[in-house]
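Here's the letter readout for the chains.
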Amino acid sequence: MGTPELISPRSSRVAAARRLARRTFRGKERRFIAEGPQAVREAAAHRGGDGESTLIELFATPEAADRYTDIVEAAHRAGARVHLAGDDVLADVSQTVTPQGLIGVCRFLDTPFQEILAAQPTLVAVLANVRDPGNAGTVLRCADAAGADAVILTDASVDLYNPKSVRASAGSLYHLPVAVGVPVEQAVRGLRNAGVRILAADGAGTDDLDGELDEGTMGGPTAWVFGNEAWGLPEETRALADAVVRVPIHGKAESLNLATAAAVCLYASARAQRPRRAPDA
């Protein structure tokens, strides 16, 4: 396997990784940065549809390499270049205040929208005009936890590979298909043609989530459309949905933030879609 050498901060490899902080370079190179042991471990274990490893390169401080020998070994097995790096290199490449000693350079892993449709999804999260990268990553994590089949980021939403989105997903980025850059009208039309019911989540919705659950209308394939953090969904997007549903506020809170509302909606659908267990005999 060999012992990796300490890489210089002036190395062209470091400069190339540093440039991935910018969306333009990420799109051009089709590569992104994953920081921390959880994200790097997941990247080392993940392979794309072509069978290629997602992890291309790993920068690790000597201390982190000693602490996370399993991750370094997994990176080697994945065929990634492994570099030992000083704290100055990690600080230069990292997008966090306190780097955790491991930074991976990864291949893009988004899935074509048509592949998602061909898989006949039953639970999908559609992010329409979601601009906050932390929210996008958190909704992706919620969708993964709820057992969703896919996430779709419309063309007006934040970059999936923004470092904050990647961190907020907590590894869920590698667990389920994600399509990017899909116009919301195309996403809704494609999903509906695939037999999926479209629900728009909106605090001013005419339908109530509790009512939907009570009426038993949520057991079929469902896509939830979530809007912008500040102004929600525009009227033209709400008009595309089969129903506009609000999460009921039973207390005195004015509203729920995007990620919390998404978690409630996705889990409500997941529960409605699960077959009920027969009572004990």
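Higher on the page you've got the structure.
Residues numbered from 1 in each chain as written. Predicted model: local features only at pLDDT ≥ 70, side-chain atom pairs only at ≥ 80, totals over all residues. Heavy atoms only, no water.

Trainee: Just to check I follow, could you spell out the packing of aromatic side chains for this structure?
Mentor: Aromatic ring pairs: the centre-centre distance and the angle between the two ring planes describe each pair. What the rule picks out here adds up to four aromatic pairs. Aromatic side chains F32 and F108 sit 6.5 Å apart centroid to centroid with 45 degrees between the ring planes, which places their arrangement in the tilted category. Placement of F32 in strand β2 (residues 31–35) and of F108 in the loop between β5 (102–107) and α7 (113–118) is noted, with a sequence separation of 76 residues between them. Under the relative-accessibility criterion, F108 is labelled buried at 17%. On the numbers, 6.3 Å between centres and 10 degrees between planes, the contact of W224 with F226 is stacked. Exposure class is identical for W224 and F226. Each is buried. Among the aromatic residues, those joined into a ring-pair cluster are F32, F108 and Y161. (Phe/Tyr/Trp six-rings, centres within 6.5 Å; stacked < 30°, edge-to-face > 60°. Helix = DSSP H or I, 4+ residues; strand = E, 2+ residues; numbered from the N terminus. Buried < 20%, exposed > 50% of the residue type's maximum accessible area, 1.4 Å probe, protein only.)

Trainee: Help me out: how do you make sense of the packing of helix α3 (residues 37–45) against helix α5 (residues 69–77) in this one?
Mentor: Each pair of packed helices can be summarised by the angle the axes make with each other and by the distance between the axes. Put simply, α3 and α5 touch, their axes get as near as 9 Å, and they point 30 degrees apart. When the axes of α3 and α5 are compared, the pair comes out roughly parallel. For the pair α3 and α5, the sense of crossing is left-handed. Across the interface between the two elements, P37, V40, R41 and A44 of α3 pack against D70, I71, A74 and A75 of α5. Looking at side-chain class alone, the contact of α3 with α5 contains six nonpolar, no polar and two charged residues. (Axes fitted to C-alpha atoms, helices over the stretch in contact; angles between N-to-C directions. Parallel < 35°, antiparallel > 145°, perpendicular 65-115°, else oblique. Left-handed = near helix turned anticlockwise from the far one by under 90°. Contact = heavy atoms within 4.5 Å. Nonpolar A, V, L, I, M, F, W, Y, C, P; charged D, E, K, R; others polar.)

Trainee: For this particular structure, what's the right way to read the sheet that holds strand β12 (residues 243–246)?
Mentor: Taken together, the seven strands give an open sheet; going across it, the order is β8-β7-β6-β11-β9-β12-β10, and neighbouring strands pair in parallel fashion. Of all strands in the sheet, those bounded by a partner on one side alone are β8 (178–182) and β10 (207–208). With two bridges joining them, β10 and β12 adopt parallel strand pairing. Within β12, the position partnered with D208 by the bridge is R246. (Pairing = 2+ DSSP bridges.)

Trainee: It is not clear to me how the packing of helix α8 (residues 133–145) against helix α13 (residues 258–273) should be interpreted in this structure. Could you clarify?
Mentor: As a packed pair, α8 and α13 sit with axes 9 Å apart at the nearest point and diverge in direction by 15 degrees. Between α8 and α13, the interaxial angle falls into the category roughly parallel. Here the hand of the crossing between α8 and α13 comes out right-handed. On α13, the residues touching N135, T138, V139, C142, A143 and A145 of α8 are L258, A259, A262, A263, L266 and Y267. Residues of the contact of α8 with α13, tallied by class, amount to 10 nonpolar, two polar and no charged.

Trainee: Explain the pattern of salt bridges here, please?
Mentor: Between side chains of opposite charge, a pair can form when the charged atoms approach closely. Taken as a whole, this structure holds 11 salt bridges when the rule is applied. Put simply, E235 and R238 hold a salt bridge, and the shortest N to O gap is 2.7 Å. Pair noted here: E235 and R238 are both in helix α12 (residues 235–238), with a separation of three residues, about one helical turn. Residue class for R238 comes out partly exposed when judged on its relative accessible area of 25%. Connected through salt bridges with shared partners, the residues D202, E235 and R238 form a single ionic network. (Salt bridge = Lys/Arg side-chain N within 4 Å of Asp/Glu carboxyl O.)

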